[in-house]
Amino acid sequence: MNMDNLVGNPQSVKVSEVVHETLSARTIIFNIKRPSFTFMPGQFLMIWIPEIDEIPMSISLWEPPKVGVTVLPIGEATEALSSLHQNDWVGIRGPFGSSFTLDSKSALVVGGGVGMAPLRPLVYSLLSNDVNVTLLIAAKTRDDLMFFAEFSQVKNSRFTLKTSTDDGSEGIKGLATDVVKELLKESKYDTLYTCGPELMIYGFYNTVKESKISFQASLERYMKCGCGLCGTCALDPTGSLVCVEGPIYTGKHLTKISEFGKYHRDAVGVKKKF
Ligand SMILES: Cc1cc2nc3c(=O)[nH]c(=O)nc-3n(C[C@H](O)[C@H](O)[C@H](O)COP(=O)(O)OP(=O)(O)OC[C@H]3O[C@@H](n4cnc5c(N)ncnc54)[C@H](O)[C@@H]3O)c2cc1C
Ligand code: FES
């Protein structure tokens, strides 16, 4: 493999559109014309924000040549990214990482907050594959529900939309972990796909681990290179690199990861409890 491919073919792209998804989350859209740029739901880009930092972002929009990422501002780089305007420039590398597999007949897809980002293209891919999809969009309050208006418009007999909020301002009131337990009692699903806060993912994992339901989750870890060179994103105890073997892990894989749901590491490798 040549060096350019290894580091994800860095290129500059001009922002073509910025969509306000919630009060604070923004989808940054740009055009990618490179024919070799292929993508599977769950994969991510390293986005360089000039003079600030380079950070991992899931691809949330895939309508070639239009590609987008959805960012929630929580720190310097995400704030700078979400403040960009049309015609600003960013650098991109990738796509990187593993993807969700689409081998399901009846899927429950659950996104918590901005965790909906990689699940948005997943839902459309599952529906194109004639999979029955129930999507639960979960958030703290109504204002944080990601892509709610968009998915409310989806007209497909195979698609069911549910929402839940911690404060009951929209949909089912309660934590997503409790809501999913109820949904699993009401209907049969063969696969649970999820992304969001790791404690939420860990809760779902514990709910389904003794069942026959396949589990696929997107994990977030601090990343530097994004392409397997620096070791920053290694998981205990196997050393699995989230930027290469992840970010999508199956339940089978997660049983071997002792830090899953317990801790992650910061920029200098210090353990941080969830
Ligand atoms: C594969 C992948 C896909 C991602 N996709 C998205 C996305 O679609 N949309 C989005 O808004 N965010 C996404 N993120 C998270 C995003 O990359 C981080 O929020 C961002 O790097 C934080 O940078 P910052 O400078 O804004 O904040 P910082 O100042 O670096 O951090 C702010 C706080 O967040 C914590 N933090 C930073 N990065 C991470 C991380 N990776 N995991 C856990 N905690 C972290 C820090 O410890 C600190 O407490 C993704 C992360 C990964 C690994
Ligand atoms: S971020 Fe460098 S190896 Fe994963």
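Residues numbered from 1 in each chain as written. Chains lettered and ligands numbered in written order. Predicted model: local features only at pLDDT ≥ 70, side-chain atom pairs only at ≥ 80, totals over all residues.

Draft legend 1. Representation of the overall build of the chain. Looking only at helices and strands, one finds 7 helices and 15 strands in the chain. A compact globule built from 274 residues should have a C-alpha radius of gyration of about 19 Å, and the chain, at 18 Å, falls within 12% of that. Taken across its 274 residues, the chain has 41% of its residues classed as buried. (Helix = DSSP H or I, 4+ residues; strand = E, 2+ residues; numbered from the N terminus. Rg over C-alpha atoms; globule rule 2.2 N^0.38 Å. Buried ≥ 20, exposed ≤ 12 C-beta atoms within 10 Å, placed from the backbone.)

Draft legend 2. Focus on the sheet that holds strand β10 (residues 172-173). One open sheet accounts for 7 strands, arranged β10-β9-β8-β7-β11-β12-β13; its pairing is mixed. Looking at strand neighbours, the two that pair on one side only are β10 and β13 (248-250), the edges of this open sheet. When strand β7 (residues 106-112) meets strand β8 (residues 132-139), the two strands line up parallel, connected through 7 bridges. Looking at β8, one finds that Val-109 is bridged to Leu-135. With respect to the sheet, helix α3 (residues 116-128) is in contact with β7, β8, β9 (159-165), β11 (191-195) and β12 (214-218), its orientation differing from that of β7 by roughly 160 degrees. Each of β7, β8, β9 and β10 touches helix α5 (residues 176-186); the most contacted strand, β8, lies at about 155 degrees to it. (Pairing = 2+ DSSP bridges. Contact = placed C-beta atoms within 7 Å. Axes fitted to C-alpha atoms, helices over the stretch in contact; angles between N-to-C directions.)

Draft legend 3. Summary view of the site of ligand 1. Near ligand 1 you find 24 residues, and of these Ile-55, Gly-75, Ala-77, Thr-78 and Ala-117 are the closest. Listed by contribution, the elements that provide at least two residues to the shell around ligand 1 are β4 (53-63), β5 (66-71) and α2 (76-82). Of the residues belonging to the shell around ligand 1, the class tally is 14 nonpolar, 5 polar and 5 charged. Counting contributing residues per domain, the shell around ligand 1 is built from domain 1 (3-96) and domain 2 (106-273), each supplying no fewer than three. (Near = placed C-beta within 6 Å. Nonpolar A, V, L, I, M, F, W, Y, C, P; charged D, E, K, R; others polar. Domains from an automatic or database assignment.)

Draft legend 4. Inspection of unusual backbone geometry at higher detail. Omega for the peptide link from Pro-64 to Pro-65 comes to 5 degrees, which places this bond in the cis form. Structurally, Pro-65 can be placed in the loop between β4 and β5. Omega for the peptide link from Asp-236 to Pro-237 comes to -5 degrees, which places this bond in the cis form. Among the structural elements, Pro-237 can be located in the loop between β12 and β13. At Asp-130, a position not held by glycine, the phi torsion is positive, near 60 degrees. Phi is positive for Phe-147, which is not a glycine, with a value near 65 degrees.

Draft legend 5. Examining the domain arrangement of the chain more closely. For the chain, the assigned domains read domain 1 (3-96) and domain 2 (106-273). Contact with domain 1, which involves 21 residues of that partner, is made by 19 residues of domain 2. Its residues assigned to classes, the side of domain 1 that touches domain 2 comprises 12 nonpolar, 7 polar and 2 charged.

Draft legend 6. Fine view of the sheet that holds β4. Sheet architecture is closed into a barrel: 6 strands sit in the order β1-β2-β5-β4-β3-β6, paired in antiparallel fashion. Neighbour-to-neighbour, the strand axes of this sheet turn through a mean angle of 45 degrees, independent of strand direction. The strands that α3 touches are β4 and β5; relative to β4, the one it contacts most, it runs at about 25 degrees.

Draft legend 7. Here's a closer look at the environment of Asp-167. In this fold, Asp-167 is placed in the loop between β9 and β10. The exposed category is assigned to Asp-167, around which 11 C-beta atoms lie within 10 Å. Sequence-wise, Asp-167 and Lys-140 are 27 residues apart; in three dimensions their C-alpha atoms are separated by 6.4 Å. Residues within four places of Asp-167 in sequence aside, it is in contact with Lys-140 and Thr-141.

Draft legend 8. A look at the pairing of β5. Within β5, 5 of the 6 residues are buried, which leaves the element mostly enclosed by the surrounding structure. Here strand β2 (residues 26-31) runs beside β5; their pairing, made up of 6 bridges, is antiparallel. Opposite Asn-31, over in β5, you have Lys-66 as the bridge partner. Relative to β5, β4 is paired through 4 bridges, and the arrangement is antiparallel. The partner of Ile-59 across the bridge, within β5, is Val-69. The hairpin formed by β4 and β5 contains 2 residues between the paired strands.

Draft legend 9. Just the pairing of β9, in detail. Pairing of β8 with β9 involves 7 bridges; the strand directions are parallel. Along β9, the bridge assignment pairs Leu-136 with Lys-162. Of the strand pairs in this sheet, β9 and β10 are connected by 2 bridges, and their pairing is parallel. Across the sheet, the residue bridging to Thr-165 is Lys-173, located in β10.

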